[in-house]
Amino acid sequence: MKTRIVVTGTDTGIGKTIFSAALTDALDGCYWKPVQSGLDEETDSETVARLGQLSADRILPEAYRLATPASPHLSARIDGVTIAPEHLSPPAVDRPLVIEGAGGLLVPLTERMVFASVFARWQIPVVLCARTGLGTINHTLLSLEALRRRAIPVLGVAFIGDAQEDSEAVLSELGAVRRLGRLPRLDPLTPDRLRRAFAENFNIADFLEVPA
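Every chain is numbered independently, its residues counted from 1 as its sequence is written. Thresholds applied to this predicted model are a pLDDT of at least 70 for local features of residues and 80 or more for the giving and counting of side-chain atom pairs; totals over whole chains, interfaces and linings are not thresholded and use all residues. No hydrogens and no water enter the side-chain calculation; it runs on all heavy atoms of the structure.

When you look at the overall build of the chain in this model, what are you seeing that I'm missing?
Along its length, the chain carries seven helices and 11 strands. Our radius of gyration is a C-alpha quantity, and the globule rule it is checked against amounts to 2.2 Å times the number of residues to the power 0.38. Against the 2.2 N^0.38 benchmark of 17 Å for 212 residues, the chain shows a C-alpha radius of gyration of 16 Å, consistent with a compact globule. With the principal axes as the frame, the chain shows a C-alpha extent of 45 × 35 × 35 Å. Across the 212 residues of the chain, 52% fall into the buried class. By the criteria applied, helices consist of DSSP H or I runs no shorter than four residues and strands consist of E runs no shorter than two, each listed in order from the N terminus. The buried label goes to any residue with under 20% of its type's maximum accessible area, the exposed label to any with over 50%, and the partly exposed label to all in between, with areas taken from a 1.4 Å probe on protein chains only.

Shown next, in the form of structure tokens:
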């Protein structure tokens, strides 16, 4: 079976879409965002296509496209859409597949289910994106607990932001998790700079291993 990876985060707005673009490009894979909330600005799929320089056939259509920019459960309610989590299944593709969640692990998909419950059903290895700034230790350790309590396989943590060696080292030790690397903030953020930064800071072989 081709490599499949779920990219999630400790919070919203930390850069996991940018990381997803770099990872999909590095894997020469396809990208899938199961649920997109908010359509007025560039969607996550469009961002990944632009930054990863991916052809249209490598961006798989979302299962749900919700107009309201909010948590999926609220966006669906406002838009008059019923999300059926049991029908969310990763598409079959002949390339590696990167799947990006929405916000953090415990973001409500519906009034009765969070994203982590879907990830638990899939049993696809997860990369947890974490910021390097203040508060990351608490948020990241809690996210790792949520993953392990549901027996979701964890590939490791990908840090995003300026270098904070102590925080990264402590998280790796206390969280008993592999530190995959750190993606620095890029200004300007261009496809070429993103590709180069990913290659310099991550080992693609780490994303091809199956967690024990």
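When you look at the nonpolar core in this model, what are you seeing that I'm missing?
The nonpolar side chains of soluble globular proteins are, as a tendency, buried together. Of all hydrophobic cores here, the largest spans 36 residues; its most connected members are Val35 and Trp122. Those elements that place two or more of their residues in this core are β2 (30-32), β5 (64-66), β6 (97-104), α4 (115-122), β9 (126-131), α5 (136-149) and β10 (154-160). The greatest single-element share of this core, amounting to five residues, is contributed by α4. For this analysis, residues touch if any pair of their heavy atoms sits within 4.5 Å. Dropping the residues within four chain positions of it, Trp122 is found in contact with Val6, Trp32, Pro34, Leu88, Ser89, Pro90 and Ile99. Only buried Ala, Val, Leu, Ile, Met, Phe, Trp, Tyr and Cys residues count toward a nonpolar core, and they belong to the same one when joined by side-chain atoms within 4.5 Å.

Would you explain the pairing of strand β1 (residues 4-9) in this entry?
Along any regular strand, the residues point their side chains to alternate faces of the sheet. Where burial is concerned, most of β1 is hidden: five out of the six residues are buried. Any two strands with at least two DSSP bridges between them are considered paired. Two strands pair when backbone bridges link them, and β1 and β6 are joined in this way by five bridges, in the parallel orientation. From the neighbouring strand, Val7 faces β6, where its bridge partner is Glu100. Pairing between β1 and β9: four bridges, direction parallel. Looking at β9, one finds that Val6 is bridged to Val126.

Explain the packing of helix α1 (residues 16-27) against helix α7 (residues 191-201) here, please?
The relative placement of two packed helices is expressed as an angle between their axes plus a distance between the axes. To get an axis, a line is fitted to the C-alpha atoms, and for a helix only the part in contact is used. The angle between two axes follows their N-to-C directions and goes from 0 to 180 degrees. Between α1 and α7, the least distance of the axes is 10 Å, while the angle of their chain directions is 75°. By the angle between their directions, the pair α1 and α7 is classed as roughly perpendicular. Contact residues: α1 offers Ile18, Phe19, Ala21, Ala22, Leu23, Asp25 and Ala26, while α7 offers Leu194, Arg195 and Phe198. Among the residues making up the contact of α1 with α7, the classes are represented as eight nonpolar, no polar and two charged. Angles below 35 degrees are treated as roughly parallel, those above 145 as roughly antiparallel, those between 65 and 115 as roughly perpendicular, and all remaining angles as oblique. Asp, Glu, Lys and Arg are counted as charged, while Ala, Val, Leu, Ile, Met, Phe, Trp, Tyr, Cys and Pro are counted as nonpolar; the rest, among them Gly, fall into the polar class.

How do you make sense of the side chain of Ser143 when you look at a structure like this?
Mapping Ser143 onto the fold places it in helix α5. The residues contacting Ser143, other than those within four sequence positions of it, are Thr10, Leu105 and Leu128.

Functional significance is not addressed by these values, which are geometric in nature.
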